[in-house]
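Here's the letter readout for the chains.
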Amino acid sequence: MDVIDIIELTLAIAIPVFFLGLGYFAGQWTASRHEADMQSRQPAVAHIWVHDLRPLDATTGQNPPIMLTSEVTLGIDHFRGFLGQLKSLIGGQVASYQNVLDRARREVTLRLQEQAARYGYNAVANLRIDFVDISGTATIKRKASFVSILATGTAYYRNT
Amino acid sequence: MIVVNTETVPGYRVVRVLGIVQGNVVRAKHVGRDIAASLKNLVGGELKGYTELLTESRRSAMERMLAQAQELRANAVLNVRFSTSAITQGAAELYAYGTAAIVEAEA
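Chemist: What should I look at first to understand the overall build of chain A in this one?
Modeler: In terms of regular secondary structure, chain A is built from four helices and five strands. Starting at the N terminus, the α and β elements of chain A follow one another as α-β-β-β-α-α-β-α-β. The C-alpha radius of gyration computed for chain A amounts to 21 Å, which surpasses the reference 15 Å derived for 160 residues by more than 25%, pointing to a less compact arrangement than a globule. Structurally, chain A occupies a C-alpha span of about 80 × 30 × 25 Å along its principal axes.

Chemist: Where do I start with helix α3 (residues 95-118) of chain A in this structure?
Modeler: Residues and elements named next belong to chain A. With 24 residues, α3 ought to run about 34 Å at 1.5 Å a step, and its terminal C-alpha atoms sit 34 Å apart, in line with that. Burial in α3 covers these residues: Val100, Arg103, Ala104, Glu107, Val108, Thr109, Leu110, Leu112, Gln113 and Ala116. As for α3, its buried residues are in contact with α1 (3-45), β1 (49-50), β3 (66-75), β4 (123-132) and β5 (146-158). Note on α3: the residue one or two positions beyond its end, Gly120, has a positive phi of about 90 degrees.

Chemist: Help me out: how do you make sense of the packing of α1 of chain A against α3 of chain A in this one?
Modeler: All names here are of chain A. Axis separation between α1 and α3 bottoms out at 10 Å; the angle between their running directions is 30 degrees. Considering their axes alone, α1 and α3 lie roughly parallel with respect to each other. Regarding α1 and α3, the two cross each other, and that crossing is left-handed. Between α1 and α3, the residues in contact are Ala31, His34, Met38, Arg41 and Val45 and Asn99, Arg103, Arg106, Glu107, Leu110, Gln113, Glu114 and Ala117, respectively.

Chemist: Help me understand unusual backbone geometry, please; the structure alone is not making it clear to me.
Modeler: Negative phi values dominate among residues other than glycine, just as trans dominates among peptide bonds. All names here are of chain B. One non-glycine residue, Arg73, lies in positive phi territory at about 60 degrees. Phi angles above zero are rare outside glycine, and Asn79 is one such case at about 50 degrees. Position of Asn79 among the secondary structure elements: in strand β4 (residues 76-88).

Chemist: Before we go on, may I ask you to explain the interface of chain A and chain B in this structure?
Modeler: Interface extent is often summarised as the accessible area lost during association of the parts. The partner chain B presents 35 residues to the 45 residues of chain A that form the contact. At eight residues, the largest contribution of residues to the side of chain A that touches chain B is made by β3 of chain A. Here β3 of chain A runs beside strand β3 (residues 45-46) of chain B; their pairing, made up of two bridges, is antiparallel. Note that in β3 of chain B the partner of Leu74 of chain A across the bridge is Glu46 of chain B.

Chemist: What am I meant to see in the nonpolar core here?
Modeler: It is characteristic of soluble globular proteins that their nonpolar side chains tend to be buried jointly. Ranked by size, the top nonpolar core spans 53 residues in total, and within it Val124 and Ile149 of chain A together with Met65 and Val77 of chain B carry the most contacts. With sequence-adjacent residues up to four places away left out, Val124 of chain A is seen in contact with Ile48, Trp49, Val50, Leu68, Leu112, Gln113, Ala116, Gly153, Thr154 and Ala155 of chain A.

Chemist: Would you mind going over the packing of α1 of chain A against helix α2 (residues 78-90) of chain A with me for this structure?
Modeler: Packed helices, taken two at a time, are described by their axes: the angle between them and the distance between them. Residues and elements named next belong to chain A. Where α1 contacts α2, the two axes come as close as 6 Å, and the packing angle between them is 110 degrees. With respect to their mutual orientation, α1 and α2 come out roughly perpendicular. On the side of α1, the interface is formed by Phe19, Leu20, Leu22, Gly23, Tyr24 and Gly27, while α2 contributes His78, Phe79, Arg80 and Phe82. Looking at the contact of α1 with α2 residue by residue, the classes come out as six nonpolar, three polar and one charged.

Chemist: Before we go on, may I ask you to explain the sheet that holds β4 of chain B in this structure?
Modeler: Sheet strands pair by backbone hydrogen bonding; their relative direction is either parallel or antiparallel. Residues and elements named next belong to chain B. Read across the sheet, four strands follow the order β1-β4-β5-β2 without closing on themselves; strand pairing throughout is mixed. At either end of the open sheet lies a strand with only one pairing partner, and these are β1 (2-3) and β2 (12-28). Pairing between β4 and strand β5 (residues 91-105): ten bridges, direction antiparallel. By the bridge assignment for β5, Val77 is matched with Ala100.

Chemist: Would you mind going over the pairing of β5 of chain B with me for this structure?
Modeler: Consecutive residues of a regular strand have side chains that alternate between opposite faces of the sheet. Two strands pair when backbone bridges link them, and β2 of chain B and β5 of chain B are joined in this way by 15 bridges, in the antiparallel orientation. Counted as the bridge partner of Asn24 of chain B is Tyr95 of chain B from β5 of chain B.

Chemist: How should the confidence of the model for chain B be read in this particular structure?
Modeler: In low-pLDDT segments, the atomic positions of the prediction should not be examined closely. All names here are of chain B. Averaged over all residues, the pLDDT of chain B equals 87, while 93% of them reach at least 70. Least confident of the elements in chain B is helix α1 (residues 31-40), whose mean pLDDT is 70; most confident is β1, at 94. At the level of chain-chain contacts, confidence expressed as ipTM amounts to 0.86, with global pTM at 0.87.

Chemist: Honestly, α1 of chain A in this entry has me stumped. Any pointers?
Modeler: Three or four residues apart is the spacing at which side chains of an α-helix point the same way, because the helix has 3.6 residues per turn. Here α1 of chain A is 43 residues long and its end C-alpha atoms lie 62 Å apart, about the 63 Å a rise of 1.5 Å per residue gives. Counting buried residues along α1 of chain A, only two of its 43 residues qualify, which leaves the element largely exposed.

Chemist: Please explain the environment of Ala76 of chain B as it appears in this structure.
Modeler: Inspection of the secondary structure assignment puts Ala76 of chain B in strand β4. Residues Ala76 of chain B and Glu104 of chain B lie 28 residues apart in sequence; the distance between their C-alpha atoms is 9.5 Å.

How each quantity is defined
Residues numbered from 1 in each chain as written. Chains lettered and ligands numbered in written order. Predicted model: local features only at pLDDT ≥ 70, side-chain atom pairs only at ≥ 80, totals over all residues. Helix = DSSP H or I, 4+ residues; strand = E, 2+ residues; numbered from the N terminus. Rg over C-alpha atoms; globule rule 2.2 N^0.38 Å. Expected span 1.5 Å × (residues − 1). Buried ≥ 20, exposed ≤ 12 C-beta atoms within 10 Å, placed from the backbone. Contact = placed C-beta atoms within 7 Å. Axes fitted to C-alpha atoms, helices over the stretch in contact; angles between N-to-C directions. Parallel < 35°, antiparallel > 145°, perpendicular 65-115°, else oblique. Left-handed = near helix turned anticlockwise from the far one by under 90°. Pairing = 2+ DSSP bridges. Core = buried A, V, L, I, M, F, W, Y, C linked by C-beta atoms within 7 Å. Nonpolar A, V, L, I, M, F, W, Y, C, P; charged D, E, K, R; others polar. pLDDT = per-residue confidence, 0-100.

Below is the structure:
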């Protein structure tokens, strides 16, 4: 084994490990930053009531009710993607994917509340949250590296 | 035009139901966005390019639906739903549908 072999071997191991490490640290960083961001936006829209029923306690206001939509696409970083693929060998819960989906759903709900607040409504009825297979990769290649979530709801005035 | 995803509109009465209106859009994402997204994807986080793609698709599907509703002379579309299907890899359909109706404000 000469020097070239050793360099090749190191590169072959080092490069994937580097990207996994990058994914791990950067992924953790983006996730915690996103959490913090949602936490800080939450209080401003805490008064917007969100539910998935028909418009309850509805009253008329200056505008008719309006349908709101919001969407978000979150990437699953390299490390967590790799972890997910490993996990799928033995089965069981894949917590790293669950976390991404959870954050995406909370993000779209928050965006709906923010829109409702901006237009002056104080409640959102009939919240629907859907997973969108935007690229066809989720079902065809079974290798989702990102998740797209689409949320809809109807903003209305609620009797307070 | 009043557009809601509920069966009723608070403060309004449904006078006449005109029927289903719909709009669909099939969009492919373009390569530039793909490359940018795959780079961003190393570290996770929001892929804004794809979010925008979804926003645009949803908007044009809605516009087509609303155009149909206008043809029927409806003033409201009720119970709007979206559904998506991945037709092939790299292209997805976004389909919006709802019930066109005539509503009037309750006295």
